[in-house]
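Summary of structural features
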Amino acid sequence: MDFKYDVIVIGAGHAGCEAAAAAANLGSKTCLITMDMNKIGQMSCNPAVGGIAKGQIVREIDALGGYMGIVTDRTAIQFRMLNRSKGPAMWSPRAQCDRGKFIWAWREILENIPNLHIWQDTVEEILVENGEVTGVSTCWGVTFQAKCVILTAGTFLNGLMHIGSKMLAGGRCAEPASYHLTESIARHGIAYGRMKTGTPVRIDARSVHFEHMETQDGENDFHRFSFISEPRKLKQLQCWTCFTNEEVHETLRKGLSESPLYNGQIQSIGPRYCPSIETKIVTFPDKPQHQLFLEPEGESTNELYLNGFSSSLPMSIQIEALKKVPAFKDLIIYRPGYAIEYDYFDPTQLKHTLETKAVKNLFMAGQVNGTTGYEEAGGQGIIAGINAHINCHGGEPFVLGRNEAYIGVLIDDLVTKGVDEPYRMFTSRAEYRILLRQDDADMRLTERAYQIGLAKQDRYEKLCSKRKAIHEIIDFARKFSIKAALINDALEQLGTAPLNRGCKLIDLIIRPQITIENIAAYIPSFQALLDKITDRKEEIIEAAEVLMKYQGYIDRERMIADKIHRLESIRIKGKFDYNSLNSLSTEARQKLIKIDPETLAQASRIPGISPSDINVLLVLLGR
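As the structure is a prediction and not an experimental result, all values here were calculated from the model. Every chain is numbered on its own, with residues counted from 1 as its sequence reads. Reporting of local features is limited, given that this is a predicted model, to residues whose pLDDT is at least 70; pairs of side-chain atoms are given and counted only at 80 or more, and all residues count toward the totals for whole chains, interfaces and linings. The basis for the side-chain values is all heavy atoms of the structure; hydrogens and waters are excluded.

Further remarks concern the overall build of the protein. Only DSSP runs of H or I reaching four residues or more are called helices, and only runs of E reaching two or more are called strands; each is numbered from the N terminus. In terms of helices and strands, the protein carries 21 helices and 21 strands. Radius of gyration (C-alpha) of the protein: 26 Å, near the 25 Å computed for a compact globule of 623 residues. Any residue under 20% of the maximum accessible area for its type is buried, any over 50% is exposed, and the rest in between are partly exposed; the area is computed with a 1.4 Å probe on protein chains only. Burial status across the protein gives 57% buried among its 623 residues. By element, 51% of the accessible surface of the protein is carried by carbon and sulfur atoms, the whole surface being about 25,700 Å². Put simply, the protein has 73 plus and 76 minus side-chain charges, and the middle of one group is 3 Å from the middle of the other. It is over C-alpha atoms that the radius of gyration is taken, and the globule rule equals 2.2 Å times the number of residues to the power 0.38. The Shrake-Rupley method, run with a 1.4 Å probe sphere, supplies the accessible areas, and residue values consider only the shown protein chains as cover. We score Asp and Glu as negative and Lys and Arg as positive, and we do not count His or the chain ends. By convention, the point assigned to a charge is CZ for Arg, NZ for Lys, CD for Glu and CG for Asp.

We now examine the packing of aromatic side chains. Geometrically, a pair of aromatic rings is defined through the distance of the ring centres and the angle of the planes. Any two rings among Phe, Tyr and Trp, with Trp reduced to its six-membered ring, count as a pair given centres within 6.5 Å; such a pair is stacked if its planes are under 30 degrees apart, edge-to-face if over 60, and tilted if neither. The final tally for this structure, using the stated rule, is 14 aromatic pairs. Look at Phe210 and Trp240: their rings are 4.6 Å apart centre to centre, the planes differ by 40 degrees, and that puts the pair in the tilted class. In this pair, Phe210 is assigned in the loop between β12 (192–204) and β13 (214–216) and Trp240 in strand β14 (residues 239–243), connecting sequence segments 30 residues apart. For Phe210, a relative accessible area of 27% corresponds to the partly exposed category. For Trp240, a relative accessible area of 13% gives the class buried. With a centroid separation of 6.2 Å and 45 degrees between ring planes, the pair formed by Tyr550 and Tyr553 is classed as tilted. A residue is classified by how much of its surface remains accessible, and Tyr550, at 29% relative accessible area, is partly exposed. Here, a charge over a ring means that NZ of Lys or CZ of Arg falls within 6 Å of the ring centre while also lying within 35 degrees of the ring normal. When the ring centre of Tyr5 is taken as origin, the NZ or CZ atom of Lys29, which lies over that ring, is 5.0 Å away. Above the plane of the ring of Phe398 lies Arg448, whose end atom (NZ or CZ) is 4.6 Å from the centre.

Confidence scores here are pLDDT values: one per residue, from the predictor, ranging 0 to 100. With 100% of its residues at a pLDDT of at least 70, the protein reaches an overall mean of 96. Mean pLDDT values over the elements of the protein span from 89, in helix α21 (residues 611–622), up to 99, in strand β19 (residues 362–364).

Spatially, β3-β5-β4 is the arrangement adopted by the three strands of the open sheet, whose pairing is antiparallel. Every interior strand has two partners, whereas the edge strands, β3 (48–50) and β4 (76–82), have only one. Each strand of the sheet is rotated relative to its neighbour by a mean of 15 degrees, with strand direction disregarded. The pairing criterion for strands is at least two bridges between them, as found by DSSP. The pairing of β4 with strand β5 (residues 92–97) spans six bridges and is classified as antiparallel. Bridging across to β5, Gln78 finds its partner in Gln96. Where helix α2 (residues 54–64) meets the sheet, its contacts fall on β3 and β5, and the angle it forms with β5 comes to roughly 85 degrees. Any two residues whose heavy atoms approach within 4.5 Å at even a single point are treated as in contact. Axis definition: a line fit to C-alpha positions, over the contact stretch in the case of helices; interaxial angles, taken between N-to-C directions, run 0 to 180 degrees. Packed on one face of the sheet, helix α3 (residues 68–75) meets β3, β4 and β5 and runs near 115 degrees to β4.

A few words on the layout of surface pockets. Only protein atoms enter the calculation, which uses a 1 Å grid: trapped sets of points that fit a 1.4 Å probe without letting it out are cavities, open sets showing protein on both sides within 12 Å along at least five of seven lines are pockets, and any residue with an atom within 4 Å of a point is a lining residue. Grid points are joined across faces, edges and corners, and a volume is the space filled by probe spheres set on the points. When its volume is computed, the second largest pocket comes out at roughly 770 Å³. Lining the second largest pocket are 30 residues, with His352, Val399, Glu568, Arg571 and Thr599 positioned closest to its centre. Looking at the lining of the second largest pocket, the elements with two or more residues in it are α10 (406–417), α18 (551–568) and α20 (600–604). With four residues, α18 is the single largest residue contributor to the lining of the second largest pocket. Side-chain classes follow a simple rule in which Ala, Val, Leu, Ile, Met, Phe, Trp, Tyr, Cys and Pro form the nonpolar group, Asp, Glu, Lys and Arg form the charged group, and the remainder, Gly included, forms the polar group. Split by residue class, the lining of the second largest pocket holds seven nonpolar, eleven polar and twelve charged.

Time to look at empty space enclosed by the protein. Evaluated as defined, the whole model comprises three cavities of 30 Å³ or more. Estimates place the volume of the largest cavity at around 50 Å³. If you trace the largest cavity, you find it lined by Arg59, Phe222, His223, Arg224, Asp439, Glu539 and Glu542.

Next comes the structure, spelled out in structure tokens:
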């Protein structure tokens, strides 16, 4: 071994795995350095992937040629499509996975990627010369040389765990923290801070009274995360729900004085949208109950994850409170919940490629950028891996726009607005969410990934075949004429109003009661067209139906996106001395100096920049 690489990735969590795989698959000689090869792709909290907006990110990672979707499908033990009662822009896939099988599925993939090596060690220092990264050094005394380094250390940087007054150093339960690395980066002028997250108790299923809980079944239809994977193979399991009660809350209140969150022991900010149970009872004092979800950790284990009960209270209080829930009256746990504090770096110090502005060829991805969630980490990881490869071998930066992907929204939010709490993606953060549906991630992104060589030929051919089939369905529906006398009986059976005169088939399909499949049963030529589709038939039909039913909304949003996109083409970086522009507000000058936006559109999204400030810049550009 010569320990010389194009790209080094520090950390084998969800960001690190995607980053290393992307760089290596593009042709860079890559090394993934991890503290424990048996914890690659470890799900530190809930062994679940996806959810509101997060599921869309996983489909985007897959469309780009990443692996999170494939690994999730291989190890899923329950799948659900969330928000089905809403429009398709809100549909979000989610899967509970087998934690152990998830790790080994990732490891099998990574160990068989050409150009990718794995090294078990702890990185202690980033090596920099003349403002450019040159490699890393480790606690084993190994010095790696590299053209690019990607930091994806998750919660391990100076990690500190809390259970009541007990504090233990570590990046995850029973795993050591990483020391010195934060300081070696900070000395190059990169600012950092502290954040906090938490996780709940793990429960022994043999102690649970399931008769006091409601079951929550999964779905076993055609929906999957990956556009190319096979149907799920593992046994599909139930989840369960129950509620806390006033007795539980009273027990928790008595213990608040011993809570690290409320006695000053923890100073850092935790995730707003995944609060601890003690935060819930303080924030919502009048709420008599909170819902809990009991979810399996694997296909054959008795370990269960209690979603909704994250806590850093003393272990005795956690157990005492839970025993007031009827389902847990004989509770036995594997381990208590805990909180963890860790270092992160201000993401406004990054370019949209996720390269740091201060140190050339140093990239950051995942929780070190102030995000929370496996999916957000994976999305950043694949973008960092692509751009690290490009920095090594040449090419245009690979950046996704806000109108192209949730990943684009995520990264733009981070580098433009920064974070004051752990960032979590929601559909509400995307102004063009009708364009960013989970069903069309491959249509949006696979061709771009194919052009740079990350999406391979087989994936691209599947895309072309799918696009052709969708076009044929929509084209047939637009051209095929329906006669009222021949279809009215069918329409009444389907619960929709009969026709007074003939129309095109598409005019029927856009009705709420009509689907492609239920109307095709009455139109033999249309059914024959559908029967010709042999690969991913249900997926293609669903995609075609969404496009027909929501075409007006899609066209209107695309028109708005195109208007805003014009500002993206107006580059302003390096064109102004903001400090001298007295026509700008003081806040605008300060924010523009700090962020130094690439384009006028990015400037318009910075908090504190008003429309009048943008107009000033437009006038000055005109001059």
